[in-house]
Amino acid sequence: FAPGACVKVDGRQIVGAERKRTVMLNKPAGVLSSMSDPFGGKTVADLVKTPERLVPVGRLDKDSEGLLLMSNDGALVNRLTHPRYEHEKTYVVRAAGRWSDDKLTVLRGPVTMPDGYVTRPVPVEVLRSQENNVHVLQFKLREGRKRQIRYTCSAAHLVVLSLKRVAVGGLRLPKDLAPGEWRDLTPEELALAGAL
């Protein structure tokens, strides 16, 4: 049948499966990683308009930005979000505070979260230090506890100014995808996502 064809059996419409679709969004800060907000805030559903009903693959805090996949492929969503797969997610963080080498030890963890959970150690690199005690850090997480990077920075007496997810496994956020823009995954990226 052609896409969008109406098929009826005994007068009742049969709804076929949607075509599988996965897109990458450069989520801006201030947008919720959900399909609706009971308080009327802006969500990723306001940015990504497709005939297919796509759902966010994982989450990014409202204040965070960067790579967010959206898909209607249930198997892919499960593979990318289930904790047992422990996909590496890379974040670039701008943080403010006086620097000393012992801060890197704290950032690399383990860190006790507010709920008592103790995170595993995390690879953290200082990409560069700027004026006014602003530092650009790279975190590579496999656990991804809610607000983990923000709590970790707070434990090191650093304030997060911006937090951007730049990669999930080998999938990287393209430099030419502006905040708020989205596009379908290329066949190569889809294969990479499927292999994660």
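Residues numbered from 1 in each chain as written. Predicted model: local features only at pLDDT ≥ 70, side-chain atom pairs only at ≥ 80, totals over all residues. Heavy atoms only, no water.

Examining empty space enclosed by the protein
Step number 1: Enumeration according to the criterion identifies one cavity of 30 Å³ or more in this entry.
Step number 2: Of the voids in this model, the largest cavity is the one considered here, and its volume is about 40 Å³.
Step number 3: Along the wall of the largest cavity there are 13 residues; nearest its centre are L107, T119, V122, Q148 and T152.
Step number 4: Elements with a minimum of two residues in the lining of the largest cavity: β8 (134-141) and α4 (148-155).
Step number 5: With three residues, α4 is the single largest residue contributor to the lining of the largest cavity.
Step number 6: Classifying every residue of the lining of the largest cavity gives seven nonpolar, four polar and two charged. (1 Å grid on protein atoms, 1.4 Å probe; cavity = no way out; pocket = protein on both sides within 12 Å on 5 of 7 lines; lining within 4 Å. Points joined across faces, edges and corners; volume = space filled by probe spheres on them. Helix = DSSP H or I, 4+ residues; strand = E, 2+ residues; numbered from the N terminus. Nonpolar A, V, L, I, M, F, W, Y, C, P; charged D, E, K, R; others polar.)

Some points on helix α2 (residues 74-81)
Step number 1: Taken together, the buried positions of α2 are occupied by L76, V77 and L80. Summarising the axial view, the buried residues of α2 lie within an arc of 100 degrees, below the 170-degree limit, and thus occupy one face. (Buried < 20%, exposed > 50% of the residue type's maximum accessible area, 1.4 Å probe, protein only. Arc of directions from axis to C-beta.)

Some words on the layout of surface pockets
Step number 1: One number sums up the size of the largest pocket: a volume of about 800 Å³.
Step number 2: Taken together, 32 residues line the largest pocket, and the ones lying closest to its centre are R59, G144, R145, K146 and R165.
Step number 3: Elements supplying a minimum of two residues to the lining of the largest pocket: α2, β6 (89-96), α4 and β9 (159-168).
Step number 4: When grouped by side-chain class, the residues that make up the lining of the largest pocket number 11 nonpolar, eight polar and 13 charged.

Some remarks on the pattern of salt bridges
Step number 1: Under the criterion given, the structure shown has nine salt bridges.
Step number 2: With a shortest N-O distance of 3.8 Å, R150 and D61 are connected by a salt bridge. With R150 in helix α4 and D61 in the loop between β4 (55-57) and β5 (65-71), this residue pair connects regions lying 89 residues apart in the sequence.
Step number 3: Accessibility expressed as a relative area gives 16% for R150, which makes it buried.
Step number 4: Taking the shortest distance from any N to any O, the salt bridge between E143 and R120 comes out at 3.6 Å. (Salt bridge = Lys/Arg side-chain N within 4 Å of Asp/Glu carboxyl O.)

Geometric descriptors of this kind do not, in isolation, establish any biological role.
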